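Here is what each chain is made of, one letter per residue.
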Amino acid sequence: MKIIAKIHTDMPEKFGIPRQSGIVKELTGTIVFEPEYRVREALVGIEEFSHLWLLWQFSENLRDDWSPTVRPPRLGGEKRKGVFATRSPFRPNPIGLSCVELIGVEHTKNFGTVLHVGGVDLMNGTPIYDIKPYITYTDCHTDAVQGFAEDFKNYALEVIIPEKFINKIPEDKQNAVIGILKHDPRPAYQNDPNRVYGVSFDRFNIKFTVSDKTLTVVDIEDL
């Protein structure tokens, strides 16, 4: 398996990254190809597609052993499911799969052709193995059964960010921050209303508390 590219996003750490691609459409990234693959012809026609599949490496979870069962965070970290019945990063092969929106194709002087994508769920610097077009008539199954994930598809928190804090974030990135927080970065087994959590985003550390289904930002610090 050869790494063909890396993606650059505003998420420098795992904590806070959306659990699935597409749920925070405003969270964007730029795919920069490795020098060997900066061949313009390899991307001819890609702009004809609105969405792409990314196959990528769980680079923060490289390990020699594996477990046949895992504890999905959304189930409180207590119930076990088979690893192949989940999207857990702890897998025999550290391969992730994401569907992202293709926002634009840019031809640059220093990095060749780069891809701007939205709805990402990848950490900054994540290695990418392959890119394929998303095709609706084969990839979209509206009658699919979603197992335990069905119970959480509409889960969201109310997000309160005082004006003095939200104004620290560039306006074009504020919706991405709200989206990340709305989908609750915490593991489901953490439910202490007095605990202050921190999500690293861009050059900021966003601190917040959660009580019931309301998330309140208490500070935004520069990293």
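Residues numbered from 1 in each chain as written. Predicted model: local features only at pLDDT ≥ 70, side-chain atom pairs only at ≥ 80, totals over all residues. Heavy atoms only, no water.

Q: Hey, could you run me through the sheet that holds strand β12 (residues 214-222) in this one?
A: The strands making up a sheet associate through hydrogen bonds between their backbones, and the pairing can be parallel or antiparallel. Taken in spatial order, the 4 strands line up as β9-β12-β11-β10 in an open sheet, and their pairing is mixed. Unpaired on one side and paired on the other, β9 (158-160) and β10 (197-201) mark the two borders of the sheet. Sheet twist, expressed as the average angle between the axes of neighbouring strands with direction ignored, equals 30°. Pairing geometry for β10 and strand β11 (residues 204-211), over 5 bridges, is antiparallel. The residue bridging S200 from the neighbouring strand is N205, located in β11. (Pairing = 2+ DSSP bridges. Helix = DSSP H or I, 4+ residues; strand = E, 2+ residues; numbered from the N terminus. Axes fitted to C-alpha atoms, helices over the stretch in contact; angles between N-to-C directions.)

Q: Before we go on, may I ask you to explain unusual backbone geometry in this structure?
A: The residue D184 is not glycine, and still its phi comes out positive at about 60°. Within the secondary structure, D184 is located in the loop between α3 (174-182) and β10. Residue D184 is classed as buried on the basis of its relative accessible area, which comes to 3%. Despite not being glycine, D202 shows a phi value in the positive range, around 55°. Relative to the helices and strands, D202 resides in the loop between β10 and β11. (Buried < 20%, exposed > 50% of the residue type's maximum accessible area, 1.4 Å probe, protein only.)

Q: I would appreciate a short explanation of the pattern of salt bridges in the present structure.
A: A side chain with one charge can pair with a side chain of the opposite charge if their charged atoms come near. Using the criterion set out here, one finds 8 salt bridges in the structure. We note a salt bridge from D10 to K173, for which the minimum N-O separation is 3.1 Å. Of this pair, D10 sits in the loop between β1 (5-9) and β2 (28-33) while K173 sits in the loop between α2 (163-166) and α3, and the two are 163 residues apart along the sequence. Residue D10 is classed as buried on the basis of its relative accessible area of 14%. In this structure K173 comes out as partly exposed when scored by relative accessible area, which is 21%. Ionic contacts of the salt-bridge type, sharing partners, join the residues D10, K173, D202 and R203 into one network. (Salt bridge = Lys/Arg side-chain N within 4 Å of Asp/Glu carboxyl O.)

Q: Looking at this structure, I do not really get the packing of aromatic side chains. What am I missing?
A: Centre distance and the angle of the planes are the two values used to describe a pair of aromatic rings. Per the stated rule, a full pass over the model turns up 4 aromatic pairs. With centroids separated by 5.4 Å and ring planes inclined at 20°, the aromatic side chains of Y197 and F208 adopt a geometry described as stacked. With Y197 in strand β10 and F208 in strand β11, this residue pair connects regions lying 11 residues apart in the sequence. The pair formed by Y197 and F208 is uniform in burial state, with each residue classed as buried. (Phe/Tyr/Trp six-rings, centres within 6.5 Å; stacked < 30°, edge-to-face > 60°.)

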